[in-house]
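Structural overview for review
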Amino acid sequence: MSSFKERKATTMLMAFLKEWDSGTKATRSRMLNKFISLYQGKTGSQLEQEFSQGGSLFFARLTTWLRLSYMFGTYLSEILLSIGIFLSISNSNRYNVEFVEDGGILTLLEILGLNNLGDQHKAEALKLLQILAKTGSQYKELVCESYGVRAVAECLAKSKVEETQEQAQVVLEILAHGNPKYQYQVYKGLIALLPSGSPNAQRLALQTLRVIQQIVSTTHPNIVDSLLGVLQSMHLEVQYEAVHLIKDLMNTDVRPALLKGLVALLKPSQKENKKFRPHILEDTTVEQFSDQLPYFIQQAAAVRAIGMLSQESTELCEELIKLRVVHNLLFVMGNRDHSESQRQASLVLEYYVLSFPVVEEQVRKAIGDTLFQMLMDNAESLYMKIDLVQADLLASNQVNIPRAKEATD
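Residues numbered from 1 in each chain as written. Predicted model: local features only at pLDDT ≥ 70, side-chain atom pairs only at ≥ 80, totals over all residues. Heavy atoms only, no water.

The next subject is the overall build of the chain. Secondary structure summary: the chain contains 24 helices and zero strands in total. The C-alpha extent of the chain, read off along each of the three principal axes, is 105 × 50 × 30 Å. Sequence-distant contacts in the chain: of pairs separated by 6 or more residues, those separated by 24 or more amount to 73%. Here the chain displays about 19600 Å² of accessible surface, and carbon together with sulfur accounts for 51% of that area. (Helix = DSSP H or I, 4+ residues; strand = E, 2+ residues; numbered from the N terminus. Contact = heavy atoms within 4.5 Å. Areas by Shrake-Rupley, 256 points an atom, 1.4 Å probe, with all protein chains shown as cover.)

What follows is about the packing of aromatic side chains. In this structure the tally under the stated criterion is 16 aromatic pairs. Plain terms: the ring middles of Phe-35 and Phe-58 are 5.2 Å apart, the flat faces sit at 70° to each other, and that makes the pair edge-to-face. Here Phe-35, found in helix H2 (residues 25-39), pairs with Phe-58, found in helix H4 (residues 55-69); they are 23 residues apart in sequence, far enough to count as distant. Residue Phe-58 is classed as buried on the basis of its relative accessible area, which comes to 0%. An aromatic cluster is defined as three or more aromatic residues linked by ring pairs; in this entry it consists of Phe-16, Trp-20, Phe-35, Tyr-39, Phe-58, Phe-59, Trp-65, Tyr-75, Phe-86, Tyr-95 and Phe-99. Arg-28 extends its terminal NZ or CZ atom over the ring of Trp-65, reaching a point 5.4 Å from the ring centre. (Phe/Tyr/Trp six-rings, centres within 6.5 Å; stacked < 30°, edge-to-face > 60°. Buried < 20%, exposed > 50% of the residue type's maximum accessible area, 1.4 Å probe, protein only. Lys NZ or Arg CZ within 6 Å of the ring centre and 35° of its normal.)

All right, on to the packing of helix H16 (residues 255-265) against helix H20 (residues 314-322) then. Orientation of H16 relative to H20, taken along the N-to-C sense of each, is 55°, at an axis distance of 10 Å. Classified by the interaxial angle, the pair formed by H16 and H20 is oblique. Viewed along their axes, H16 and H20 form a crossing whose handedness is right-handed. Listed contacts from H20 to Arg-255, Leu-259 and Val-263 of H16 are Glu-315, Leu-316, Glu-319 and Leu-320. Residue classes in the contact of H16 with H20 are distributed as four nonpolar, no polar and three charged. (Axes fitted to C-alpha atoms, helices over the stretch in contact; angles between N-to-C directions. Parallel < 35°, antiparallel > 145°, perpendicular 65-115°, else oblique. Left-handed = near helix turned anticlockwise from the far one by under 90°. Nonpolar A, V, L, I, M, F, W, Y, C, P; charged D, E, K, R; others polar.)

The next subject is helix H24 (residues 388-395). Gln-390, Ala-391, Leu-394 and Ala-395 are the residues of H24 that are buried. Taken end-on, H24 shows its buried residues confined to a sector of 135°, consistent with a single buried face. Packing partners of the buried residues in H24 comprise helix H21 (325-333) and helix H23 (357-377). Its side-chain oxygen placed 3.2 Å from the backbone nitrogen of Val-389, Asp-387 serves as the N-cap of H24. (Arc of directions from axis to C-beta. Polar contact = N/O pair within 3.5 Å; in protein donor to acceptor, adjacent residues only side chain to side chain.)

With that settled, the discussion passes to unusual backbone geometry. Unlike most non-glycine residues, Tyr-147 shows phi in positive territory, near 60°. Structurally, the position occupied by Tyr-147 is in the loop between helix H9 (137-145) and helix H10 (148-158). The backbone of Arg-324 sits at a positive phi, close to 70°, despite the residue not being glycine. Mapped onto the elements of the fold, Arg-324 is located in the loop between H20 and H21. For Arg-324, a relative accessible area of 30% corresponds to the partly exposed category.

Below, the discussion takes up the pattern of salt bridges. Within this structure, the stated rule accounts for 16 salt bridges. Linking Lys-127 and Glu-124 is a salt bridge whose minimum nitrogen-to-oxygen distance equals 3.7 Å. Placement of the pair is Lys-127 and Glu-124 together in helix H8 (residues 119-135), with a separation of three residues, close to one helical turn. Judged by relative accessible area, which is 29%, Lys-127 ranks as partly exposed. The closest approach of N and O atoms between Lys-247 and Glu-312, which form a salt bridge, is 3.4 Å. Of this pair, Lys-247 sits in helix H15 (residues 236-248) while Glu-312 sits in the loop between helix H19 (286-310) and H20, and the two are 65 residues apart along the sequence. A relative accessible area of 30% places Lys-247 in the partly exposed class. In the salt-bridge network here, residues are joined through shared partners; they are Arg-304, Glu-340, Arg-343 and Glu-380. (Salt bridge = Lys/Arg side-chain N within 4 Å of Asp/Glu carboxyl O.)

Honestly, it's all geometry; don't read function into it.
Below, the structure written as structure tokens:
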């Protein structure tokens, strides 16, 4: 026979459920807020004890109301927070199963894509996805099988709120770990985020790629163009992450393509060169300069990346020299339209001149003793002293060093 305490708890549960079933939306909202304040942080045993082992009865009502009302956002935050209490308890496995069987994962993913719902709702939905994904690989696979990677990635790209974007990043990172069946899908989803118009989305995608790159066995070739394109960002934190991911990728099979791409960014193609060339010799309008600014920013970032990589190893330097990096650095030094590109190129070229005698010989021959000495005396501020004639000399240089091996023999 049940104890008095158990009978009392059962009576209270029945009264609670009756009030819920007959209550208005306002009544249910009040009940949810009270539930959240009383049970957030409590253990599963405490929750079941106070609900007289009938927690599933209330949980089923929560998931049903979620499924029926999520499209309208009616008290959605309270519903999601309440469901989160059940999914977060230590012995939550049966609640996880019930939630998934009731279509909970699909509902959460649909919430992420609804334009009429606020970011607060989407952040709470992402937190529930995190809870489920952390439970085990089977839940990670269920999220991925439900096109969850795409839904979460799109939410990250489209959201204007940093908290929501950060919660989405956490979900993607969790889905990539301990999920060999779908980790490459997450990896590709992050690469697809790199052209995003949101700088914060780009930054978070790059950060996560740096983590996931260490666990994927194959590097996707699309990462090269996407990563080089990110260097056009005017946000230094985005460029920082991009440059360091480039460094991480030097131990992968895309290394040759990345090095070739970086060197190519220093000098525009023949078609682009016709567009940029007049800026050395003619006046320009503000509008014209703005059209070129992304290219100049990308050029300066590429020089910085090359400078960082060059200091990593002599082997990398030699690969870059074969790709005509010295010729292209001299070309950038002649770009009077963007002082940062000039400054960075002067510093990197100085490093190569000091490191490789063959580079010193070829550079001195190409630009003459006077300009060469200016470079060696003060590479940091050389860009302020280069005149039009010298800029033209630098831009039209013909330096071609097929190998630098003799410099290290």
